[in-house]
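Each chain, letter by letter, is given below.
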Amino acid sequence: MQRAIPILLLLLVLVSCEPQPKACLDWEDTIEAGTQLHLESCSEDYDFLTWEFSDDIGYLSEVVPRIFEDEENMSVKLTAYSDGAYRSDEVIFPFKTSFRYIDRMEVVGESNYSALELRMSGGAFLGGDAKGTFTESAPYFVYVWPETKVVIESKRSDIAVFGYKNGSDISLGSKTINFETYKENPMVLETTDGLSVKVYWTYRD
Amino acid sequence: MKRTSLVFLLFCLLFSAASLAQDSTKVRFYVKGSADFWIKLDGELLPLSNVQMITPGTHDIEIWSPMYVKHTGKLTVPAEDSISYYQELKKDKAYIAYLFDMDSYRRKVFLGRTAPLVTALAGAVASPIFYFGRKSWHEKTVKEDFKFEYFSSNASGADNVRTRYQTANALFFTSLGMVAGGLASYGLLQRWVKNLEKPIYRQSNPFTVETFEIGYHPVTGTPQVGLSLNF
């Protein structure tokens, strides 16, 4: 009987040595639509993950490559399994998908232009009465959202700033940005005459 | 004269040699018993050999071989060059009973000790192997079920994996059962096996010690024992 004890202990250890997995998602409440995403989790002590989205799409992988085509309220059930899948933990995470919209343009610096205009794929946004000295605390604003809803398309695109003087537009600077990978908010553009232009984007509420 | 005496002497020698040859007959003993057997002729133990020189006539003969019943009878030796003597010894009934008892004893020891231990050991060796197999198939089952639900994968694939998992599961729990059952049986039957009496076969051999001497070998310097036996 004494010989049996180590064997039973070994079996007990084998059965109980699997750690309890922990499913975790630390995403923002809103996820960008219309672009290729590689969604990851912050799960721990797992062997594999299953993802079940509310639109009946499932994934059996560490990273989920997805494009959300529409703006909607969704949820995902993430299940983290231990080795052998005898233990699991799941988390249900509600989120909404939204395109990125141009929110506003802020300009800091000394402007001699009667108007400033932001041009990019999807539209041009003009702000008048742009003459003056603008500071970080009191910048020059050109509001876009919510009156105008311009989606930042997930592609390589140019943004440019133009100044108006004596009825003609002058290019103050431009920048080519790959919006599929560029997610900074705001996007910063320095003009040739020292103006600092910040372009903010927002998700739909 | 001298030549005549020499021829007469040679004749006498030849005659005596011939008559000596007629005094004993070579008897080849074919005894069906164990490997060794002892022959006693007219109360005298013969040398350990199956070929004996025996004087013609009728003799009392006894043959004994271990695990066989001693044979007692008469041996009539004709005045021939050589004869053969066949004798089949009967097995000792006590020895036959001993063999049966020993067989039964071994079977009981096997059932009470060896079989439970071998079963438990086999289960102990197999259970970790089946444990990992079961674990692997369970994971595959979960994955296949998921694939079937979301990836429109083949239902037969999921069924096949599930069947393999059930088999691995059955093997794992059977091996655990073997460990538990084997050890429990071993523990329960231990006292019964200890109380089993091992059969003993004691054949009263017919030998008696006639002389017994203890000496000392002068060259090797080791003690020596000398004895003579008779039955």
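Thresholds applied
Residue numbers run consecutively from 1 along every chain, following the written order of its sequence. The lettering of chains begins at A and the numbering of ligands begins at 1, in the order of writing. Per-residue local features of the predicted model are confined to residues with pLDDT of at least 70, and side-chain atom pairs are confined, for both listing and counting, to 80 or more; whole-chain, interface and lining totals are unaffected and use all residues. The side-chain numbers reported here are obtained from all heavy atoms of the structure, hydrogens and water having been left aside. Here is the rule: rings of Phe, Tyr and Trp (six-membered ring for Trp) pair when centre to centre is within 6.5 Å. Planes less than 30 degrees apart are stacked, more than 60 are edge-to-face, and the remainder are tilted. Relative accessibility thresholds used throughout: buried, under 20% of the residue-type maximum; exposed, over 50%; partly exposed, between the two (1.4 Å probe, protein chains only). In this scheme, Lys NZ or Arg CZ marks a charge over a ring once it lies within 6 Å of the ring centre and within 35 degrees of the ring normal. Cysteine sulfur atoms are paired as a disulfide whenever they come within 2.5 Å of each other. Numbering goes from the N terminus for both helices and strands, where a helix is a DSSP run of H or I of at least four residues and a strand is a run of E of at least two. Using only the protein atoms, space was sampled on a 1 Å grid; points where a 1.4 Å probe fits but cannot get out form cavities, open sets with protein on both sides within 12 Å along at least five of seven lines form pockets, and lining residues are those with an atom within 4 Å of a point. Grid points are joined across faces, edges and corners, and a volume is the space filled by probe spheres set on the points. Residues were grouped as follows: Ala, Val, Leu, Ile, Met, Phe, Trp, Tyr, Cys and Pro as nonpolar; Asp, Glu, Lys and Arg as charged; and all remaining residues, including Gly, as polar.

Trainee: How would you summarise the packing of aromatic side chains if you had to cite specific residues and measurements?
Mentor: In the structure shown here, the tally under the stated rule is 24 aromatic pairs over all chains. Summarising the aromatic geometry, the rings of Phe53(A) and Tyr59(A) are spaced 6.0 Å apart at their centres and angled 85° between planes, so their arrangement reads as edge-to-face. Of the two residues examined, Phe53(A) and Tyr59(A), each falls in the buried class. Note on Phe146(B) and Phe151(B): the rings are 5.9 Å apart at their centroids and 90° apart in plane angle, and the pair reads as edge-to-face. By relative accessible area, which is 38% here, Phe151(B) ends up partly exposed. Residue placement shows Lys143(B) over the ring face of Phe48(A); its charged tip is 4.6 Å from the ring centre.

Trainee: Give me the state of the cysteines: which residues, what numbers.
Mentor: Residue and element names in this part refer to chain A. Applying the stated criterion across every chain, the model contains one disulfide over all chains. One disulfide bridge connects Cys24 with Cys42, the sulfur atoms lying 1.7 Å from each other. Looking along the S-S bond of the Cys24-Cys42 disulfide, the torsion reads about -75°, which is the left-handed sense. With a gap of 18 residues between them, Cys24 in the loop between α1 (4-16) and β1 (30-32) and Cys42 in the loop between β2 (37-39) and β3 (48-53) connect regions that are remote in the sequence. Since its relative accessible area comes to 18%, Cys24 is described here as buried. Owing to a relative accessible area of 22%, Cys42 belongs among the partly exposed residues under this scheme.

Trainee: Tell me about empty space enclosed by the protein, and name the residues and values.
Mentor: Residue and element names in this part refer to chain A. Under the counting rule described, the total for this entry stands at one cavity of 30 Å³ or more. Put simply, the largest cavity is a space of about 30 Å³. If you trace the largest cavity, you find it lined by Met120, Ser121, Val151, Ile152, Glu153, Lys155, Ser157 and Phe179. Of the residues in the lining of the largest cavity, the class split is four nonpolar, two polar and two charged.

Take it as geometry only, folks, not as evidence of what the structure does.
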